[in-house]
Amino acid sequence: MFGIKTATLLALSALLFPAAVSVRAEDRMRAGLWEVTSTWDGKSSGSHNTCFTPAMVARGNSSAKTLREATEKSSAKSGCSLKDFKLDGNTISMTQVCGARTLVVLSTYSRDAFDTVDTSTEAGVSTATHMKGRRIGDCK
């Protein structure tokens, strides 16, 4: 079964690869303290705060080509392969295959908020993790 911590880590790593809202990097995602609220198969799994540093945001605000290459490398390091990666406006979608498990991620980003749905399917059984994030201030 695909654990909530694994799903959360994958979705948070997707934050490092946000879609472009415009051609100006500062319009994609801002560094700072973010509150992330999660549900797993419709049940609340709580919330937590994550600090996204300027270096993390700079990486995520790179070109579409660089984002895809970084996602492919990250997938390979975790034993997965990237089957699909698309940037469309402020939305990123990707499909990763990790052995018998397929993970489909759909995220929509703005400067100070995101909404991500991860659907993991293995042996015909699907689980969904939904995460909403909002920037709540500067990192401490």
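Computed from a predicted structure; not experimentally measured.

> When you look at the environment of Leu82 in this model, what are you seeing that I'm missing?
If you trace the backbone, Leu82 turns up in strand β3 (residues 81–88). Distance from Leu82 to Val97, taken between C-alpha atoms, is 6.5 Å for residues 15 residues apart in sequence.

> Would you mind showing me how to read the pairing of strand β4 (residues 91–98) here?
A regular strand places its side chains so that they alternate between the two faces of the sheet. In terms of burial, β4 is a largely internal element, six of the eight residues being buried. The hairpin turn running from β3 into β4, its antiparallel successor, is two residues long, and Gly89 in that turn takes a positive phi close to 65 degrees. The pairing of β4 with strand β5 (residues 101–110) spans eight bridges and is antiparallel. Along β5, the bridge assignment pairs Met94 with Val105. Between β4 and β5, which pair antiparallel and follow one another directly, the connecting turn spans two residues, one of which, Gly99, has a positive phi of 65 degrees.

> How do you make sense of the state of the cysteines when you look at a structure like this?
Taken as a whole, this structure holds two disulfides when the rule is applied. Shown here is the disulfide that connects Cys51 with Cys139, its sulfur atoms set 1.9 Å apart. Linking Cys51 and Cys139, the disulfide has an S-S dihedral of approximately 110 degrees and is accordingly described as right-handed. A residue pair is termed long-range when its members are at least 10 positions apart, and Cys51 in strand β2 (residues 43–52) and Cys139 in the segment after β7 (125–137) qualify at 88 residues. Owing to a relative accessible area of 34%, Cys51 belongs among the partly exposed residues under this scheme. Taking relative accessible area as the criterion, Cys139 reaches 30% and is therefore assigned partly exposed. Across the disulfide, Cys80 is cross-linked to Cys98 (sulfur-sulfur distance 1.9 Å).

> Is there a simple way to think about the packing of aromatic side chains in this case?
Between two aromatic rings, the relevant description is the distance of the centres plus the angle of the planes. All told, the structure shown has three aromatic pairs when counted by the stated rule. Taking 6.3 Å as the distance between ring centres and 90 degrees as the angle between the ring planes, the aromatic pair formed by Trp34 and Phe52 counts as edge-to-face. Pair noted here: Trp34 is in strand β1 (residues 32–40) and Phe52 is in strand β2, with a separation of 18 residues, a long-range link. Geometrically, the ring pair formed by Tyr109 and Phe114 is tilted, given 6.2 Å between the ring centres and 35 degrees between the ring planes. Neither Tyr109 nor Phe114 differs from the other in exposure class; each is buried. Taken together, the aromatic side chains of Trp34, Phe52, Tyr109 and Phe114 make up a single cluster linked through ring pairs.

Calculation criteria
- Each chain carries its own residue numbering, running from 1 in the written order of its sequence.
- Given that the model is predicted, a residue must reach a pLDDT of at least 70 before its local features are reported, and side-chain atom pairs must reach 80 or more before they are shown or counted; all residues, however, enter totals for whole chains, interfaces and linings.
- Side-chain measures were taken over the full set of non-hydrogen atoms in the model, leaving aside hydrogen atoms and water.
- Working definition: helices are DSSP H or I runs of at least four residues, strands are E runs of at least two. Numbering for both runs from the N terminus.
- Burial classification: accessible surface area is computed with a 1.4 Å probe over protein chains only, and a residue below 20% of its type maximum counts as buried, one above 50% as exposed, and the rest as partly exposed.
- Two strands qualify as a pair provided DSSP detects at least 2 bridges between them.
- Disulfides are defined as cysteine sulfur pairs within 2.5 Å.
- Each pair of aromatic rings taken from Phe, Tyr and Trp, with Trp reduced to its six-membered ring, is defined by centres within 6.5 Å and is described as stacked if the planes are under 30 degrees apart, edge-to-face if over 60, and tilted in the remaining cases.

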